[in-house]
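Structural overview for review
If you want the building blocks of each chain, they are given just below.
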Amino acid sequence: MIYLDNSATTRPFDEVREIMNKVMDTDFGNPSSMHNLGVVSENYIKKSKEQIAKTLKCKESEILFTSGGTESDNMAIIGGCMANARIGKHIITTGIEHPAILETCAFMEKQGYEVTYLPVGKDGRVKIDDLKSALRKDTVIVSIMHVNNEIGSVMPLEEIGKIVKENNPATLFHVDSVQGYGKYKITPKKLGIDLLSISGHKIHGPKGVGILYIAEKTKISPIIFGGGQQKAMRSGTENVPGIAGIGLAAELIYKDFDEKINKLYELKQYFVTELLKIENVCVNGLIDDSVDIESIKMTAPHVVSASIKGIRAEVMLHTLEDRDIFVSSGSACASNKPAISATLKSIGLQQELLDSTIRFSMSVETTRDDIEKTLEVLNEVIPQLRKYSRH
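**Side note on the pattern of salt bridges**
This model, assessed by the stated rule, comprises 20 salt bridges. Two residues, K165 and D194, come together in a salt bridge whose shortest N-O distance is 2.6 Å. Highlighted residues: K165 in helix α6 (residues 157-167) and D194 in the loop between α7 (188-191) and β7 (195-199), separated in sequence by 29 residues. Overall, the relative accessible area of 22% leaves K165 in the partly exposed class. A relative accessible area of 12% means that D194 is categorised as buried. When salt bridges with common partners are traced through the structure, they connect R11, D14, R17 and E365 into a single cluster.

Put into structure tokens, the structure is as follows:
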């Protein structure tokens, strides 16, 4: 099996599965219980906060555990707006955000908020001048993703954060880093980030657990109420196996980090270069259509979006699946929806390519052999499928 759908989910590290099994099997106490088994569970939560805070260079008190990236995004926007209503009712985001952001913003519009959706260029990046023009004194939150989940474009977070805070220090800056965390070294304080969303199953951790980094002194209201766990910011008995798993996954993904990421970029450069040699195949989200390593490094190391003219994405996906190669035709979180990708439309992709785009996404476990075999299959099946499609 060649698995190239890591932006959808990653295989949990062996060590992650082991610690989760231990928590479920022997250390299964409720962390709110006062007996020793509860204390053991509580210690797993403390340990995970330490591990994650170390990767973000932040305080452990700034880490909040959630059920995943979607909940973190919802809490950041809804909770941020609720707690800062005095600032105004204006939100800024982009047109290529994950549905967890776009649908939440649509909900906020129904609550009377005005949302500005910034456009992006062919490279999938926001134009800074557009952001400057959109910012107002009544902008309560700016939510811009770190890495686009479909094409791998990377937003200039440091520049964005600086501009947001210069306009109004009280405006919250939220970053959905579900696809960025584990691929970049992120220091929220340095970047001016108030709120940061992370998901466990994108970094070889478990599904059903995520993180919302909340900078100290950031005003945010809870959106889940109950027993007062996590200082009443997110009530409900903590998912201790998941929390132990995401903490260890975070520690492991950042171990020998530079070596891992450089390897990924080398694989991506090779993959993109070879894909572009195939007739009528284009790669989306590149900087100035360049494949030199410096330009490749301006995009995410793990995502390759390829449009294959004349072949429907669904046909290509299942053709590869028949050969035990697993890819995606877009965001897995929206794969059951028939609508064409808003991201591909936003970057100005030709109409005939909108339904012919495949996403290959790698991980630290992807090998050169995986990529070479995938290219071998693509070079074999693309001419065959095009011949069939002409009839």
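**What about the sheet that holds strand β3 (residues 90-94)?**
Strands sit in the order β2-β8-β7-β6-β5-β3-β4 across an open sheet of 7 strands; the sheet is mixed. Strand pairing shows two members of the sheet lacking a second neighbour, β2 (63-66) and β4 (114-118), which therefore form its edges. Strand after strand, the sheet turns through a mean of 20° between neighbouring axes, direction not considered. Here β2 runs beside strand β8 (residues 210-214); their pairing, made up of 4 bridges, is antiparallel. Bridge pairing in β8 places L64 opposite L212. Most of the contacts of helix α3 (residues 69-83) go to β7, to which it runs at about 160°, and overall it touches β2, β3, β5 (139-143), β6 (172-176), β7 and β8. Contacts between α6 and the sheet are confined to β5 and β6, with β6 contributing the most and set at about 160° to the helix.

**Section: the environment of G79**
Within the secondary structure layout, G79 lies in helix α3. A sequence separation of 11 residues divides G79 from H90, and the C-alpha atoms of the two residues are 14 Å apart. With residues up to four places along the chain from it excluded, the contact list for G79 reads N74, I220, S221 and I223.

**With respect to the packing of helix α2 (residues 36-56) against helix α8 (residues 240-253)**
Helix-helix packing is characterised by the crossing angle of the two axes and by the distance between the axes. Relative orientation of the contacting elements α2 and α8 amounts to 30°, with a least axis distance of 8 Å. Between α2 and α8, the interaxial angle falls into the category roughly parallel. Between α2 and α8 lies a crossing whose hand is left-handed. Two secondary-structure elements touch here, α2 through S41, Y44, I45, S48, Q51, I52 and T55 and α8 through V240, I243, A244, I246, G247, L248, A250 and E251. Residue composition of the contact of α2 with α8, by class: 9 nonpolar, 5 polar and 1 charged.

**What to know about the nonpolar core**
With 97 residues, the main nonpolar core has I52, L56, Y181, L275, M316, F360 and L378 as its most contacted residues. Beyond its immediate stretch of four places on either side in the chain, L378 contacts F271, L275, I278, M316, L320, F360 and P383. Core analysis: the next-biggest nonpolar cluster, separate from the first, contains 21 residues, I77, I87, C105 and I141 among them.

**Comments concerning helix α1 (residues 14-25)**
The terminal C-alpha atoms of α1, which comprises 12 residues, lie 16 Å apart, in line with the 16 Å expected from a rise of 1.5 Å per residue. All buried positions along α1 are accounted for by V16, M20 and V23. Axial view of α1: buried residues confined to an arc of 60°, hence all on one face. Of the residues in α1, the exposed ones pointing more than 90 degrees away from the buried face are E18 and D25.

**Topic: the packing of aromatic side chains**
In total, this model carries 3 aromatic pairs according to the counting rule given. Each ring, one from Y254 and one from F257, has its centre 5.0 Å from the other, and the planes form 25°; the classification is stacked. F257 shares its class with Y254; the two are buried. Note on F271 and F360: the rings are 5.0 Å apart at their centroids and 80° apart in plane angle, and the pair reads as edge-to-face. One end of the pair, F271, is in helix α9 (residues 257-275); the other, F360, is in strand β12 (residues 357-361), and 89 residues separate them in sequence. Exposure class is identical for F271 and F360. Each is buried. What links up through ring pairs into an aromatic cluster is the set Y181, Y254 and F257. Over the aromatic face of Y270 sits the side chain of R368, whose NZ or CZ is 3.7 Å from the ring centroid.

What counts, and at which threshold
Residues numbered from 1 in each chain as written. Predicted model: local features only at pLDDT ≥ 70, side-chain atom pairs only at ≥ 80, totals over all residues. Heavy atoms only, no water. Salt bridge = Lys/Arg side-chain N within 4 Å of Asp/Glu carboxyl O. Helix = DSSP H or I, 4+ residues; strand = E, 2+ residues; numbered from the N terminus. Buried < 20%, exposed > 50% of the residue type's maximum accessible area, 1.4 Å probe, protein only. Pairing = 2+ DSSP bridges. Axes fitted to C-alpha atoms, helices over the stretch in contact; angles between N-to-C directions. Contact = heavy atoms within 4.5 Å. Parallel < 35°, antiparallel > 145°, perpendicular 65-115°, else oblique. Left-handed = near helix turned anticlockwise from the far one by under 90°. Nonpolar A, V, L, I, M, F, W, Y, C, P; charged D, E, K, R; others polar. Core = buried A, V, L, I, M, F, W, Y, C linked by side-chain atoms within 4.5 Å. Expected span 1.5 Å × (residues − 1). Arc of directions from axis to C-beta. Phe/Tyr/Trp six-rings, centres within 6.5 Å; stacked < 30°, edge-to-face > 60°. Lys NZ or Arg CZ within 6 Å of the ring centre and 35° of its normal.

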